[in-house]
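Observations on chain architecture
For reference, the chains in residue letters:
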Amino acid sequence: MEDLGAVTWPPEPIRTERLVLREAEPRDRAAFIELLTSPEVHTYLGGPRSRDELERQMPEAPEQWPGSFVVQLDGSMIGQILLRRATGHCRPAAAGKADLGYMFLPRAWGSGYAAEACAAALGWLACALPGEPVVLTTQTANTRSMRLAAQLGFTEVERFEAWDAEQWLGMRPPVTPSA
């Protein structure tokens, strides 16, 4: 995966009704470690990473690159939205397209924050890279992610086997930003 290329980064923080999407800051480091070491978060993502390893290796201000948004609620990080270029995607239908990923802390699940944040990030992308289709891959067993993909307008392109599980590849057609 690569960054999105010619986009202005970081953008001004994106504000929704309840959330702020912004660039990562040093104060987010502990939440990133919690997110990346959570067994619940990584059930469908290959398993959590080692806390000791992350504590040693993670920079003071983690994940500062174009397309990586911290999702903030009431001043605290609750998740991350990732928009990257899927240059090395294993499926030809996804290769080279913008790829949406997201992770939220379990305490933020079930309140619609992921849908709200992803919709805001996709709106930003439609303005930053007009006409860009977006892909999303998730395990079919991840029913929450499958529901979110449908809610965000992704439709199935194909299913395939990878990482010992059935994967779902969806695509969201290009959206023209409203005037």
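That block above? That's the structure.
Residues numbered from 1 in each chain as written. Predicted model: local features only at pLDDT ≥ 70, side-chain atom pairs only at ≥ 80, totals over all residues. Heavy atoms only, no water.

Considerations on unusual backbone geometry
Rules: Under the DSSP-based scheme used, a helix requires at least four consecutive residues in state H or I and a strand at least two consecutive residues in state E, with every element numbered from the N terminus.
Following W9, the chain continues into P10 via a peptide bond in cis, with omega recorded as -5°. Positionally, P10 belongs in the segment before β1 (14-15).

What to know about the pattern of salt bridges
Put simply, the rule reads: One side-chain nitrogen of Lys or Arg within 4 Å of one carboxyl oxygen of Asp or Glu is enough to make a salt bridge. Only protein chains enter the area calculation, which uses a 1.4 Å probe; residues under 20% of their type maximum are buried, those over 50% are exposed, and those in between are partly exposed.
As enumerated under the stated definition, the model contains 12 salt bridges in all. Among the salt bridges present, the one from R29 reaches E55, with a minimum N-O distance of 3.3 Å. Here the residue R29 occupies a position in helix α1 (residues 29-37), and E55 occupies one in helix α2 (residues 51-57), the gap between them amounting to 26 residues. The exposure class of R29 is buried, given its relative accessible area of 18%. Its salt-bridge partner being R107, residue E34 comes within 2.8 Å of it at the nearest N-O pair. Here E34 is found in helix α1, whereas its partner R107 is found in the loop between β5 (98-104) and α3 (113-128), with 73 residues between them in sequence. The class of E34 is partly exposed, set by a relative accessible area of 31%.

Examining the nonpolar core
The nonpolar side chains of soluble globular proteins are, as a tendency, buried together. The condition that has to hold: Working definition of a nonpolar core: buried Ala, Val, Leu, Ile, Met, Phe, Trp, Tyr and Cys residues. They are joined through side-chain atoms within 4.5 Å. Residue contacts are defined here by distance: any two heavy atoms, one from each residue, within 4.5 Å place the two residues in contact.
Ranked by internal contacts, the top residues of the largest apolar core, which has 35 residues, are L21, F69, I81, L100, W124 and F154. A total of nine residues in this core trace back to one element, the largest contributor, which is α3. Ignoring sequence-local partners within four residues, the contact set of F69 consists of W9, P11, I14, L21, R22, G79, Q80, I81, L83, A121 and W124. In this structure, A31, M58, V70 and M77 belong to the second largest nonpolar core, which totals 13 residues.

Notes on the pairing of strand β4 (residues 76-85)
As a reminder of what qualifies: Here the rule is simple: two strands pair whenever DSSP picks up at least two bridges between them.
Counting buried positions along β4 gives eight out of 10 residues, so the element sits mostly inside the fold. Here strand β3 (residues 68-73) pairs with β4 via six bridges, running antiparallel. From the neighbouring strand, S68 faces β4, where its bridge partner is L82. Where β3 folds back onto β4 in an antiparallel hairpin, the turn is made up of two residues, including D74, whose phi is positive at roughly 50°. As judged from the seven bridges shared by β4 and β5, these two strands associate in the antiparallel manner. Across the sheet, L83 pairs through a bridge with L100, a residue of β5.

A closer look at α3
Worth spelling out the cut-off: Helices are assigned an expected span. That span is 1.5 Å times one less than the residue count.
Look at α3: 22 Å from first C-alpha to last across 16 residues, which is about the 22 Å you get at 1.5 Å a residue. When we look at burial in α3, the residues that qualify are Y113, A115, E116, A117, C118, A120, A121, L122, W124, L125 and A126.

Digging into the side chain of Q80
Threshold: Counted as a polar contact is a pair of N or O atoms within 3.5 Å, where, for protein atoms, one must be capable of donating a hydrogen and the other of accepting one, and residues adjacent in sequence contribute only when both atoms are in side chains.
Positionally, Q80 belongs in strand β4. On the basis of relative accessibility, which here comes to 2%, the residue Q80 falls in the buried class. A polar contact of 2.9 Å, which involves the side chain of Q80, links it to the side chain of S68. Beyond its immediate stretch of four places on either side in the chain, Q80 contacts F32, L35, E63, S68, F69, V71, G101, Y102, M103 and F104.

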